[in-house]
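One letter stands for each residue in the lines below.
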Amino acid sequence: METVVDGLRMLVTTPIALAAAAGVAWGILGGALPGISPSISMALLLPFTYGMEPRSAIVLLAATYVGAEYGGSIPAILIRTPGTNAAAATLLDGYPMKLAGRGGEALGISLYSGVLGGFVGLLVLMALTRPLAELALRFTPMSYFALGVLGLGVIASLAGPSLLKGLAAGLLGLMVATIGSDPVSGVPRFTFGQPDLLDGVAPILVMVGLFAVSELFLQAGQGAWQKASSESARIRWPGTRLRRRLVKPQLIGSVVGAVEGVIPGAGGTIASFLSYNEARRWSRAPEEFGRGSPEGVAAPETANNTVAATALVPLLSFGIPGSNSAAILLGGFLVHGLIPGPRLFEENADAITGLYAGLFAANVSLIVIGGAALPVCLWLVNRSKPVLMAFIYALILSGIYSINGSLFDLGLTLAAGMAGVVMRVLGFPLLPVVLGVVLGSLVESNYRRALLLSGGDHAIFLEDPVAVVLLSIAALVVVGSVGTRFRSRRKEAHA
Amino acid sequence: MNRVRAILGILAALATGCAAGDAPPGAEGGYPHAIVTLVTHSSPGGGSDVFLREMARRLGPRMGVDFVVENVTGGGGARAMSRVANAPPDGSVFYAATPSFIFTSLMSRPANTYADLDPIVNVFLDQEVVYTRAESGFETLADVMRIARTGAGRWGAASPGSLERQALERLARAADVEAAIISHDGGGDLILNVLNGTLDIGVGEAQEIRGQLDAERLRLLAVFSEARLPGLPEVPTVGESGYDVAVTKFRGLMGPPNTPPDIVETWEGAVRDLLEDPEYREVYSGAMLSPAFMPRPEFARFIEAFAADTEAFLRESGVLD
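Worth saying up front: this structure is predicted, and the values here are computed from it rather than measured. (Residues numbered from 1 in each chain as written. Chains lettered and ligands numbered in written order. Predicted model: local features only at pLDDT ≥ 70, side-chain atom pairs only at ≥ 80, totals over all residues. Heavy atoms only, no water.)

Participant: Quick question: what am I supposed to make of the overall build of chain B here?
Facilitator: Looking only at helices and strands, chain B has 11 helices and 11 strands in total. Of all intrachain contacts in chain B linking residues separated by at least 6 positions in sequence, the fraction that spans at least 24 positions is 76%. Entry remark: accessible area of chain B is about 13600 Å², with carbon and sulfur atoms responsible for 52%. (Helix = DSSP H or I, 4+ residues; strand = E, 2+ residues; numbered from the N terminus. Contact = heavy atoms within 4.5 Å. Areas by Shrake-Rupley, 256 points an atom, 1.4 Å probe, with all protein chains shown as cover.)

Participant: Just to check I follow, could you spell out the sheet that holds strand 1 (residues 35-40) of chain B for this structure?
Facilitator: In sheet architecture, strand pairing relies on hydrogen bonds along the backbone and comes in two forms, parallel and antiparallel. Residue and element names in this part refer to chain B. Pairing is mixed in the open sheet, where 6 strands are placed in the order 2-1-3-10-4-11. Bordering the open sheet on either side are strand 2 (66-71) and strand 11 (289-294), each of which pairs with just one other strand. Averaged over all pairs of adjacent strands, the angle between their axes in this sheet comes to 25°, without regard to strand direction. The strands touched by helix 3 (residues 78-85) are strand 1, strand 2, strand 3 (93-97) and strand 10 (249-255); relative to strand 3, the strand with the most contacts, the crossing angle is about 150°. (Pairing = 2+ DSSP bridges. Axes fitted to C-alpha atoms, helices over the stretch in contact; angles between N-to-C directions.)

Participant: Where do I start with the sheet that holds strand 7 (residues 180-183) of chain B in this structure?
Facilitator: Residue and element names in this part refer to chain B. Read from one edge to the other, the open sheet built from 5 strands follows the order 7-6-8-5-9, with strand pairing classed as mixed. Each edge of the sheet is formed by a strand with only one pairing partner; in this case those strands are strand 7 and strand 9 (218-223). Averaged over all neighbouring strand pairs, the angle between strand axes comes to 30°, with direction disregarded. Bridge count between strand 5 (residues 128-133) and strand 8 (residues 201-205): 4 bridges; the pairing is antiparallel. Counterpart to Val129 in the pairing with strand 8 is Gly204. Where helix 5 (residues 141-149) meets the sheet, its contacts fall on strand 5, strand 6 (154-157), strand 8 and strand 9, and the angle it forms with strand 6 comes to roughly 120°.

Participant: Explanation requested: the confidence of the model for chain B in the structure shown.
Facilitator: The predicted coordinates ought not to be read in detail in places where the model reports low pLDDT. All names here are of chain B. Here chain B averages 84 in pLDDT, and 89% of its residues register 70 or above. Least confident of the elements in chain B is helix 1 (residues 2-22), whose mean pLDDT is 45; most confident is strand 3, at 94. A low-confidence stretch, residues 1-28 (pLDDT under 50), is modelled with 10 contacts involving residues beyond four sequence positions or located in other chains. (pLDDT = per-residue confidence, 0-100.)

Participant: Please explain the interface of chain A and chain B as it appears in this structure.
Facilitator: Bring the parts together and some accessible area is lost; that lost area is often taken as the interface size. Contact residues are listed per partner, giving 30 residues for chain A and 29 residues for chain B. Between chain A and chain B the total buried area reaches about 2300 Å² when both faces are included, carbon and sulfur atoms providing 53% of it. Applying the counting rule to chain A against chain B returns 1 salt bridge. Across the contact surface, chain A and chain B share 4 residue pairs in polar contact (both at pLDDT 80 or more). Elements represented by at least two residues in the side of chain A that touches chain B include exactly helix 8 (141-153), helix 17 (342-347) and helix 22 (431-454) of chain A. At 4 residues, helix 22 of chain A tops the list of elements feeding residues into the side of chain A that touches chain B. Taken together, the residues of the side of chain A that touches chain B sort by class into 15 nonpolar, 7 polar and 8 charged. (Buried area = accessible area lost by both parts, 1.4 Å probe. Salt bridge = Lys/Arg side-chain N within 4 Å of Asp/Glu carboxyl O. Polar contact = N/O pair within 3.5 Å; in protein donor to acceptor, adjacent residues only side chain to side chain. Nonpolar A, V, L, I, M, F, W, Y, C, P; charged D, E, K, R; others polar.)

Participant: Mind showing me how you'd approach the packing of aromatic side chains here?
Facilitator: Think of a pair of aromatic rings as described by two things: how far the centres are apart, and how the planes are tilted against each other in angle. By the definition in use, this model includes 21 aromatic pairs over all chains. Directly above the aromatic system of Phe428 of chain A lies the positively charged group of Lys165 of chain A, at a separation of 5.6 Å from the ring centroid. (Phe/Tyr/Trp six-rings, centres within 6.5 Å; stacked < 30°, edge-to-face > 60°. Lys NZ or Arg CZ within 6 Å of the ring centre and 35° of its normal.)

Participant: Quick question: what am I supposed to make of the nonpolar core here?
Facilitator: Across soluble globular proteins, nonpolar side chains show a tendency to be buried alongside one another. Counting residues in each nonpolar core, the largest one holds 112 residues, and the members touching the most others are Ile28, Leu316, Leu329, Phe333 and Ile396 of chain A. In this view, Leu316 of chain A contacts Leu125, Thr129, Phe333, Pro340, Gly341, Leu344, Phe345, Leu355 and Tyr356 of chain A; residues no more than four positions away in its chain are not counted. Judged by nonpolar contacts, the second largest core, of 56 residues, contains Val39, Phe101, Ile102 and Ile201 of chain B. (Core = buried A, V, L, I, M, F, W, Y, C linked by side-chain atoms within 4.5 Å. Buried < 20%, exposed > 50% of the residue type's maximum accessible area, 1.4 Å probe, protein only.)

Participant: Even after reading the chapter, I still don't get the side chain of Ser445 of chain A, so can you show me in this structure?
Facilitator: Residue placement: Ser445 of chain A occurs in helix 22. For Ser445 of chain A, a relative accessible area of 1% translates into the label buried. Filtering out sequence-adjacent residues up to four positions away, Ser445 of chain A remains in contact with Pro183 of chain A together with Asp185 of chain B.

Participant: Teacher, can you tell me more about the environment of Pro88 of chain B here?
Facilitator: Take Pro88 of chain B: it is sitting in the loop between helix 3 and strand 3. Between the alpha carbons of Pro88 of chain B and Pro256 of chain B there is a distance of 6.7 Å; along the sequence they are 168 residues apart.

Participant: How should I be thinking about the packing of helix 4 (residues 99-108) of chain B against helix 11 (residues 296-316) of chain B in this particular structure?
Facilitator: Any two packed helices are characterised by how steeply their axes cross, that is the angle between the axes, and by the distance between the axes. All names here are of chain B. At a minimum axis distance of 10 Å, the contact between helix 4 and helix 11 shows a crossing angle of 50°. By the angle class used here, helix 4 and helix 11 are oblique. You can see that helix 4 and helix 11 cross each other, and the crossing is right-handed. Taking contact as the criterion, the partners of Pro99, Phe101, Ile102, Phe103, Leu106 and Met107 in helix 4 are, on helix 11, Ile303, Phe306, Ala307, Thr310, Glu311 and Leu314. By residue class, the composition of the contact of helix 4 with helix 11 is 10 nonpolar, 1 polar and 1 charged. (Parallel < 35°, antiparallel > 145°, perpendicular 65-115°, else oblique. Left-handed = near helix turned anticlockwise from the far one by under 90°.)

Participant: Quick question: what am I supposed to make of the environment of Leu147 of chain A here?
Facilitator: All names here are of chain A. Mapped onto the fold, Leu147 is located in helix 8. On the basis of relative accessible area, Leu147 is assigned to the buried category, the value being 1%. Between the C-alpha atoms of Leu147 and Val477, which are 330 residues apart in sequence, the distance is 13 Å.

Participant: Explain unusual backbone geometry to me, please; I cannot follow it from the model alone.
Facilitator: Outside of glycine, negative phi angles account for most residues, and trans bonds account for most peptide bonds. A positive phi angle, close to 50°, is found at Phe190 of chain A, a residue other than glycine. Tracing the chain through its elements places Phe190 of chain A in the loop between strand 2 (188-189) and helix 11 (203-220). Positive phi outside glycine occurs at Asn258 of chain B, with the angle close to 65°. Structurally, Asn258 of chain B can be placed in the loop between strand 10 and helix 9 (261-276). A relative accessible area of 65% means that Asn258 of chain B is categorised as exposed.

Participant: How should a nonpolar patch on the surface be read in this particular structure?
Facilitator: A surface patch of nonpolar side chains, amounting to about 300 Å² of accessible area, comprises Val4, Leu8, Phe360 and Val364 of chain A. Breaking the nonpolar patch down by element, the ones donating at least two residues are helix 1 (2-13) and helix 18 (349-372) of chain A. (Patch = residues over 30% accessible without salt bridge, like charges linked within 9 Å, V, L, I, M, F, W, Y side chains within 5 Å.)

Participant: Where do I start with the pattern of salt bridges in this structure?
Facilitator: It is possible for side chains of opposite charge to pair when their charged atoms get near one another. Residues and elements named next belong to chain B. Tallied over the full model, the rule gives 30 salt bridges over all chains. Where Arg296 meets Asp118, a salt bridge forms, and the shortest distance between an N and an O atom there is 3.6 Å. One end of the pair, Arg296, is in helix 11; the other, Asp118, is in strand 4 (residues 118-126), and 178 residues separate them in sequence. With its nearest N and O atoms 2.4 Å apart, the salt bridge here joins Glu316 to Arg173.

Participant: What is the right way to read the side chain of Ser254 of chain A from this model?
Facilitator: Residues and elements named next belong to chain A. By the secondary structure assignment, Ser254 is in helix 12 (residues 240-262). Engagement of the side chain of Ser254 in a polar contact is seen with the backbone oxygen of Leu251, the distance being 3.1 Å. In this structure, Ser254 is in contact with Val120, Thr302 and Thr306, ignoring residues within four places of it in sequence.

Participant: Sorry if this is basic, but what is going on with the domain arrangement of chain B here?
Facilitator: Residue and element names in this part refer to chain B. The domains assigned to chain B are domain 1 (2-125 + 249-316) and domain 2 (128-223). When the two sides are added together, the surface that domain 1 and domain 2 hide from each other amounts to roughly 1100 Å², 59% of it contributed by carbon and sulfur. Among the residues of domain 1 in contact with domain 2, Lys249, Met288 and Phe313 are the three that bury the most area, contributing 47% of the side total. Counting across the domain 1 and domain 2 interface gives 3 salt bridges. Between domain 1 and domain 2 we count 2 residue pairs in polar contact (both at pLDDT 80 or more) in total. Listing elements by their share of the side of domain 1 that touches domain 2, those giving two or more residues are helix 4, strand 10 and helix 11. The leading source of residues in the side of domain 1 that touches domain 2 is helix 11, at 5 residues. When grouped by side-chain class, the residues that make up the side of domain 1 that touches domain 2 number 7 nonpolar, 2 polar and 4 charged. (Domains from an automatic or database assignment.)

Participant: So what exactly am I meant to see when it comes to helix 12 of chain A here?
Facilitator: Every α-helix carries 3.6 residues per turn, so stepping three or four residues along brings you back to the same face. All names here are of chain A. With 23 residues, helix 12 ought to run about 33 Å at 1.5 Å a step, and its terminal C-alpha atoms sit 32 Å apart, in line with that. At Val247, helix 12 shows its maximal kink, close to 40°; a proline, Pro249, follows between one and four residues later. Taken residue by residue, helix 12 has Leu242, Leu246, Pro249, Gln250, Ile252, Gly253, Ser254, Val256, Gly257, Ala258, Glu260 and Gly261 as its buried positions. (Expected span 1.5 Å × (residues − 1). Bend = angle between axes of the 7 residues up to and from the residue.)

Written as structure tokens, this is what we have:
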């Protein structure tokens, strides 16, 4: 309750509301551009948040996520090209609706459902993170080690089709994490006499390179997308009868979104498709699905906006980024010296309250900006693709340069981009790399600290209750996802 | 756009006008540069950054100079050092030095080290304190040693190559105990591990733990200085507690090699006078900084001795070979 009052006060006393609105607007534009995913829209902004007040910076990023999840549905509905991966499910019924002359209505449903999903997600976020924060003070080096292991265990479930490739990607990240000064003795490792490497490779460079730069490289090799006609640039808000019909798919979307968001590794795309499927199964008119059912738009759009909030639960409470977008947001926290995880609630409760308030403001402004931004999005989507891509390159590189004023950082980012291209072409997932980079030093330094404490006795990990619980969960996550993988492969073999 | 520029111009004019107006007689044109860059390796809001900005705010009007604080972060200070070492030695660029620049020079062997910089003047000593959590059973350092003597001592320092780490290693040697000395990823991690009872004691700057001290969640056991601190008269020194160890964290200014003597003299005078300023004194004593003016010759000897000490320590503890 106190948090709510504090949060509302922050909305009027700080520029948080402004940051939220700006983030939503940027997110919608980014989301509307095919190929520019929510995480890339966020990554583009990340370097510019460096000079901002921390709370506004984080809100700006989180609001971008919110905006992008809606923005992605615009080209999905209008030009049959999903702006984001999660919007691929929206396309299934959104585009048929547009063909039937109901494009504006589909956009209205998408916006309305997105806002609802966002509020549900925020409630779930607020309810879950607080109790987890109570653990804050009990985190010893042993617990932190176990937490890092749990985070790495998530790789098993987000590795994509090949577990081996996922593990290899994670390993690459862990290797990058060993660059820099040794966390215990301070001796430089793998720095090759390069002073710029003494502090290690900043996760932000890896993220921006892997996600954004590699996407641009790949986009450069693909043809232009379809043009959108400007006649459809009007949103129609759903009427009372339709709204009543949408309650069920929206309920399904928000429940699926809440659950999938909280589980690291699931993310918005899975939530969208899952909720689309469930909405069809529970619908009174399942035969309409795929031919322009409003329910088919509402369910995935509710789900992906719910995820935009609930994906922050594992990030805020444990510091584990469960999705690409959450990983970028983590970068935003780190740039400001805020370390998500139990300690954040102890030391910077303000930042969290600000984030809640900002998400609230973001969803409110989504209602207004969602409609107003539509003509701008259409204009942007219809620009020449090479010009757009060149502009985005300039934005990324100048942003990275502005962090430390270092050309070395620029080189690292581009190198990470190259690595990203190679990995994508060969079918390696990218997120495990980021998890490895972010969690590598956490795991290593706390493991070594724990052994220093015990004089080399590994039993110390079993004496710490928090560590035991976290390690058990990690084991369950790994066994569970490997099991699922195994079963689905057998099913495929039988079919 | 033009209007914005005009307003900025007026503001700048006002600012320089005020600066000149506030300057004590004789200070105008006393310094050869209108703009002086102060380089720090710490990020905005970090220890050295705050130190420089507070000092520059007051020193600017006195010297008739506009100070610019430049944050050259990264490389444990290596980038900042090379920025200053390669600047013209004309008194327009200085570096805010702390012990970490000596640690980085010794451990990482960057292209430019502390030996490539000219000591100008020392300003403050930052005091390191030993603290424990409020509900721990330790009342004195001797209590801590009683546990450590059984081999179960767990002590913490903020980062691996740091003065705090060195202080604890020396303390363990002086008390002839084997304690596990754990370094962290920064002060926040360390404080948490002292608060949750993982560690017996932690070492850090008094200022860092002020909030926890005021909230009575942490208690001070000793200070690592030569004498008791004016702000903490009831806390004994480590020496008084029976262990002959004292460490000093300095905050001073270094310049590019061959900085001319008249520039150094100007700085010596300006810093000495500034430390007497009652308003400034209130600020720095509030931050638990002790004024420790050292003119160039003394500061140079101090740095040399500090580096020799540190190197010997790093060799003994096996970090350097």
